[in-house]
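Understanding the architecture of this molecule
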Amino acid sequence: MQGDFAAHIKIFQDLGAKTHLVRAPRDLEEIDAIAIPGGESTVMSRLSERYGLFEPLRARIDEGFPAFGTCAGLIFLAKHIEGASQTFQQTTLGVLDCTVARNAYGAQRESFQTTLEVKELGDSIPATFIRAPKITAIGENVEVLASWNGAPVVVRQQNIVACSFHPEIEGEHRLHQLWLKNIQGRPE
Ligand code: GLN
């Protein structure tokens, strides 16, 4: 629907997964899991409501449908937004028990790259932060897989993995792979 989905598609295809773009509720019938890219979370909220996708997607993920989110995707999955816009009541899917502060890692020109140690990968990965959301609180079912400067930046809650940054921009595939392994190993 919106954002840098092409970069995710390339990574999933390289990992041997079949991909299908989701724009309408009927697309949900074609998929076993969904990745929500970086982009602009307010636009994702508006478009998904306009296309009737918001509620079916929310209900599915809430029932255990696997979801992966990067940057704006994390915001769209999160339960709470700290300091949300007063002029536009931004809705989120609310399926990931955490609070995020939008753009808290700075404006576009303050974008930066770093490397992060990720639990279970046993290795560090490159991470690009672009107007990235900061995770300011997490629920007790949420596990932290990586932190940066004391704040969680990769989190997992059962079927959901989400991160504040963009691994896909670097063509970094190991987080995508970790999520795919998690959901393939999950009991039905
Ligand atoms: N700041 C954007 C938002 O609020 C997210 C930026 C990104 O995905 N790189 O949606």
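Structure: see above.
What comes next is a walk through the structure. Please read these numbers as outputs of a predicted model, since none were measured by experiment.

Calculation notes
Residues numbered from 1 in each chain as written. Predicted model: local features only at pLDDT ≥ 70, side-chain atom pairs only at ≥ 80, totals over all residues. Heavy atoms only, no water. Salt bridge = Lys/Arg side-chain N within 4 Å of Asp/Glu carboxyl O. Helix = DSSP H or I, 4+ residues; strand = E, 2+ residues; numbered from the N terminus. Buried < 20%, exposed > 50% of the residue type's maximum accessible area, 1.4 Å probe, protein only. Near = heavy atom within 4 Å. Polar contact = N/O pair within 3.5 Å; in protein donor to acceptor, adjacent residues only side chain to side chain. Areas by Shrake-Rupley, 256 points an atom, 1.4 Å probe, with all protein chains shown as cover. Nonpolar A, V, L, I, M, F, W, Y, C, P; charged D, E, K, R; others polar. Lys, Arg positive; Asp, Glu negative; His and termini not counted. Pairing = 2+ DSSP bridges. Axes fitted to C-alpha atoms, helices over the stretch in contact; angles between N-to-C directions. Contact = heavy atoms within 4.5 Å.

**Comments concerning the pattern of salt bridges**
- Inspection of the entire model under this criterion finds 11 salt bridges.
- When the shortest N-O distance is used, the salt bridge between Arg-131 and Glu-40 registers 3.3 Å. Taken together, the residues Arg-131 in the loop between strand 6 (123-129) and strand 7 (134-138) and Glu-40 in the loop between strand 1 (34-36) and helix 2 (41-50) connect sequence positions 91 residues apart.
- The partly exposed category is assigned to Arg-131, whose relative accessible area is 29%.
- Between Asp-123 and Arg-174 there is a salt bridge whose closest N-O contact spans 3.0 Å. Residue Asp-123 is found in strand 6, and its partner Arg-174 is found in helix 5 (residues 174-184); the two are separated by 51 residues along the sequence.
- Look at Asp-123 and you get partly exposed, because its relative accessible area is 36%.
- Judged by relative accessible area, Arg-174 falls into the partly exposed class, the value being 22%.
- Residues participating in the shared-partner salt-bridge network are Lys-119, Glu-120, Glu-143 and Arg-156.

**Let's talk about the site of the ligand**
- As a structural note, the neighbourhood of the ligand is formed by Gly-38, Gly-39, Glu-40, Ser-41, Cys-71, Ala-72, Ile-75, Arg-102, Asn-103, Ile-130, Arg-131 and His-166.
- Between the ligand and the protein, one listed contact pairs an oxygen atom with a backbone N or O atom of Gly-39 at 2.9 Å.
- Contacts to the ligand include Ala-72, whose backbone N or O atom sits 3.1 Å from an oxygen atom.
- Contact with the protein chains hides 97% of the accessible area of the ligand, taken as 300 Å² for the molecule alone.
- Here the shell around the ligand is composed, by residue class, of 4 nonpolar, 5 polar and 3 charged.

**Observations regarding the side chain of Glu-168**
- Here Glu-168 lies in the loop between strand 10 (160-163) and helix 5.
- As a buried residue without a salt bridge, Glu-168 has its nearest oppositely charged side chain in Arg-131, at a separation of 12 Å.

**As for the sheet that holds strand 7**
- Spatially, the 3 strands line up as an open sheet ordered 3-4-7, and their pairing is mixed. Strands at the two margins of the open sheet, each flanked by one partner only, are strand 3 (78-82) and strand 7. For this sheet, the mean angle separating the axes of adjacent strands, direction not counted, is 30 degrees.
- By the bridge criterion, 4 bridges tie strand 4 (residues 96-101) to strand 7 in an arrangement that is antiparallel. Counterpart to Cys-98 in the pairing with strand 7 is Ile-138.

**Some words on the environment of Leu-121**
- Considering the arrangement of structural elements, one finds Leu-121 in the loop between strand 5 (112-118) and strand 6.
- With relative accessibility at 24%, the residue Leu-121 sits in the partly exposed group.
- The spatial distance from the C-alpha of Leu-121 to the C-alpha of Arg-26 is 35 Å, given a sequence separation of 95 residues.
- If sequence neighbours within four positions are ignored, Leu-121 has contacts with Arg-174 and Leu-178.

**Considerations on the pairing of strand 5**
- Looking at chain direction, strand 5 and strand 6 are connected through 7 bridges and run antiparallel. When the bridges of strand 6 are listed, Val-118 appears paired with Asp-123.
- Linking two consecutive strands that pair antiparallel, namely strand 5 and strand 6, is a turn of 4 residues; a positive phi of about 80 degrees is found at Glu-120 within it.

**Section: the sheet that holds strand 8 (residues 143-148)**
- Strand order in the open sheet formed by 5 strands is 1-2-10-9-8, with mixed pairing between adjacent strands. Every interior strand has two partners, whereas the edge strands, strand 1 and strand 8, have only one. Averaged over neighbouring strand pairs, the angle between their axes works out to 15 degrees when direction is ignored.
- Bridge count for strand 9 (residues 151-157) against strand 10 is 4 bridges, and the pairing is antiparallel. Looking at strand 10, one finds that Val-155 is bridged to Ala-162.

Honestly, it's all geometry; don't read function into it.
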